[in-house]
Amino acid sequence: MTKYERQQALRLGVNIDHVATLRNARGGALPDPVRAAMAAQGAGADGITAHLREDRRHIRDADIEAILKAIEIPLNFEMAATDEMQEIALRHRPHAACIVPERREERTTEGGLEVAADQNRLADFIGPLGEAGCRVSLFIAPDPAQVEAAYRIGAPVIELHTGAYCDFDADGDSVSRDAEFTRLQEAAIQADDLGLEVHMGHGLTYRNVAPIAALPQVKELNIGHFLIGEAVFVGLPAAMAEMRRLMEEARSQ
Ligand code: PXP
């Protein structure tokens, strides 16, 4: 790969949580998230993302073990900053650990991590993960104070929360969407200038992915709910292929 191609490259991480959501709706073992991870790998995913929530509402401990055994591409392990999750991450040593905020009452990860107000605890929390070889990322809102705090505590990667941008787009509120996009763009530039690797994710669809994928600072998108939903109609490889096409088209312009 040439230097130009490396700068251009935008990885696609496929989040398979909602295959487990569907499985758990019935109990039993089907559909199998490991099969989804293998299908995503076979269709060219750059990584698999899975969130082991405190309440185990979708992915379970045994899924993480089975996915790690099955896949050859990196696992991005999403986790809350709790002792229990740290112990699990240190046991499995996934390629990446993405620290997310977690509240039991939320339907999905609604806000970003509060890094600025919790710096000392988070610095202590991510230290052992980094030492164990996990690439730590912090899932944060596109807020300059959070980007700065992520840098200060030594996180190598941030993932910027695109949920608000995607929600405004879905609501048809283009003024708020554009303002939120500008926040994402400015946070990406700030982080890149500080030497942080920038990822983005949450709520991305065919319709809203292009402006995000076009940002040259962004190195990875993590996409789950939409791809798994679309896979019901067209299959996961076809859904991923269309997402990849849109990402690459946006990137090349
Ligand atoms: N990135 C992070 C940190 C997330 O928590 C999630 C949702 O689990 C995603 C990306 C994927 O979001 P979505 O399922 O809406 O594509």
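In what follows, the structure referred to is the one given above.
Conventions used here
Residues numbered from 1 in each chain as written. Predicted model: local features only at pLDDT ≥ 70, side-chain atom pairs only at ≥ 80, totals over all residues. Heavy atoms only, no water. Helix = DSSP H or I, 4+ residues; strand = E, 2+ residues; numbered from the N terminus. Rg over C-alpha atoms; globule rule 2.2 N^0.38 Å. Buried < 20%, exposed > 50% of the residue type's maximum accessible area, 1.4 Å probe, protein only. Contact = heavy atoms within 4.5 Å. Areas by Shrake-Rupley, 256 points an atom, 1.4 Å probe, with all protein chains shown as cover. Lys, Arg positive; Asp, Glu negative; His and termini not counted. Charge placed at Lys NZ, Arg CZ, Asp CG, Glu CD. Pairing = 2+ DSSP bridges. Axes fitted to C-alpha atoms, helices over the stretch in contact; angles between N-to-C directions. Phe/Tyr/Trp six-rings, centres within 6.5 Å; stacked < 30°, edge-to-face > 60°. Core = buried A, V, L, I, M, F, W, Y, C linked by side-chain atoms within 4.5 Å. Expected span 1.5 Å × (residues − 1). Arc of directions from axis to C-beta. Parallel < 35°, antiparallel > 145°, perpendicular 65-115°, else oblique. Left-handed = near helix turned anticlockwise from the far one by under 90°. Nonpolar A, V, L, I, M, F, W, Y, C, P; charged D, E, K, R; others polar. Near = heavy atom within 4 Å. Polar contact = N/O pair within 3.5 Å; in protein donor to acceptor, adjacent residues only side chain to side chain. 1 Å grid on protein atoms, 1.4 Å probe; cavity = no way out; pocket = protein on both sides within 12 Å on 5 of 7 lines; lining within 4 Å. Sits in = over half its atoms within 2 Å of the grid points.

Caption draft 1: Inspection of the overall build of the protein at higher detail. A count of helical and extended segments in the protein gives twelve helices and eight strands. In terms of overall dimensions, the protein is globule-like: its C-alpha atoms have a radius of gyration of 17 Å, near the 18 Å expected for 253 residues. By residue count, 47% of the 253 residues in the protein fall in the buried class. Put simply, of all contacts in the protein between residues at least 6 apart along the chain, 67% involve residues at least 24 apart. For the protein, the accessible surface area stands at approximately 11,800 Å², while carbon and sulfur atoms represent 52% of it. Charge-centre separation for the protein: the mean point of 26 positive side chains lies 4 Å from the mean point of 40 negative side chains.

Caption draft 2: Examining the pairing of strand β8 (residues 218-223) more closely. Taken across its six residues, β8 has five buried, putting it largely inside the fold. Of the strand pairs in this sheet, strand β1 (residues 11-15) and β8 are connected by four bridges, and their pairing is parallel. Counterpart to L12 in the pairing with β8 is L221. Across four bridges, strand β7 (residues 197-201) lies against β8 in parallel orientation. Paired with M200 across the strands is L221, a residue of β8.

Caption draft 3: The arrangement of the sheet that holds strand β6 (residues 157-161) in detail. One closed barrel holds the eight strands; their spatial order is β1-β2-β3-β4-β5-β6-β7-β8, and the pairing between them is parallel. Pairs of neighbouring strands in the sheet enclose a mean axial angle of 25 degrees, with direction left out of account.

Caption draft 4: The packing of aromatic side chains, seen in detail. All told, the structure shown has two aromatic pairs when counted by the stated rule. Ring plane angle 50 degrees and centroid distance 5.9 Å describe the contact between Y165 and F181, whose orientation is recorded as tilted. Here the residue Y165 occupies a position in helix α8 (residues 163-171), and F181 occupies one in helix α9 (residues 174-193), the gap between them amounting to 16 residues. Centroid distance Y206 to F226: 4.7 Å. Interplanar angle 75 degrees. Geometry classified as edge-to-face.

Caption draft 5: Inspection of the nonpolar core at higher detail. Grouped together as the largest cluster of nonpolar side chains are 72 residues, with contacts concentrated most on I99, L138, M200 and L221. Of the residues forming this core, the biggest block, seven residues, is contributed by helix α12 (residues 236-251).

Caption draft 6: Spatial organisation of α9. End to end, α9 covers 28 Å across 20 residues, agreeing with the expected 28 Å (1.5 Å per residue, within 8%). Within the span of α9, buried status applies to E180, F181, L184, A187, A188 and A191. Seen along its axis, α9 keeps its buried residues to an arc of 125 degrees; they face one direction. Along α9, exposed side chains directed more than 90 degrees from the buried face belong to V175, E186 and D193. Considering only its buried residues, α9 is in contact with α7 (144-152), β6, α8, β7 and α10 (209-213). Following α9 by one or two positions, G195 has its phi on the positive side, about 90 degrees.

Caption draft 7: Layout of α8. By the burial criterion, the buried members of α8 are G163, Y165, C166 and D169. Projected down its long axis, α8 carries its buried residues within an arc of 165 degrees, all on one side. In α8, the exposed residues that point more than 90 degrees away from the buried face are D167 and D171. Tucked into the core, α8 has its buried residues touching β6, α9, β7 and α10.

Caption draft 8: Structural detail: the packing of α7 against α9. For the pair α7 and α9, the least separation of the axes is 10 Å and the interaxial angle reads 20 degrees. The pairing of α7 with α9 is recorded here as roughly parallel in orientation. At the point where α7 passes α9, the crossing takes the right-handed sense. When α7 is examined against α9, the residues P144, V147 and E148 are found in contact with a partner set consisting of A187, Q190 and A191. Among the residues forming the contact of α7 with α9, the class breakdown is four nonpolar, one polar and one charged.

Caption draft 9: The site of the ligand, seen in detail. Taken together, 14 residues lie around the ligand, and E78, E159, G203, G224 and H225 are the ones closest in. A distance of 3.4 Å separates an oxygen atom of the ligand from a polar side-chain atom of N15. With respect to the ligand, the side chain of E159 contributes an N or O atom lying 2.5 Å from a nitrogen atom. Computed on the free molecule, the ligand has an accessible area of 390 Å², of which 96% lies beneath the protein chains in the complex. Its atoms largely coinciding with the cavity grid, the ligand occupies the largest pocket. For the shell around the ligand, a count of residues per class yields four nonpolar, seven polar and three charged.

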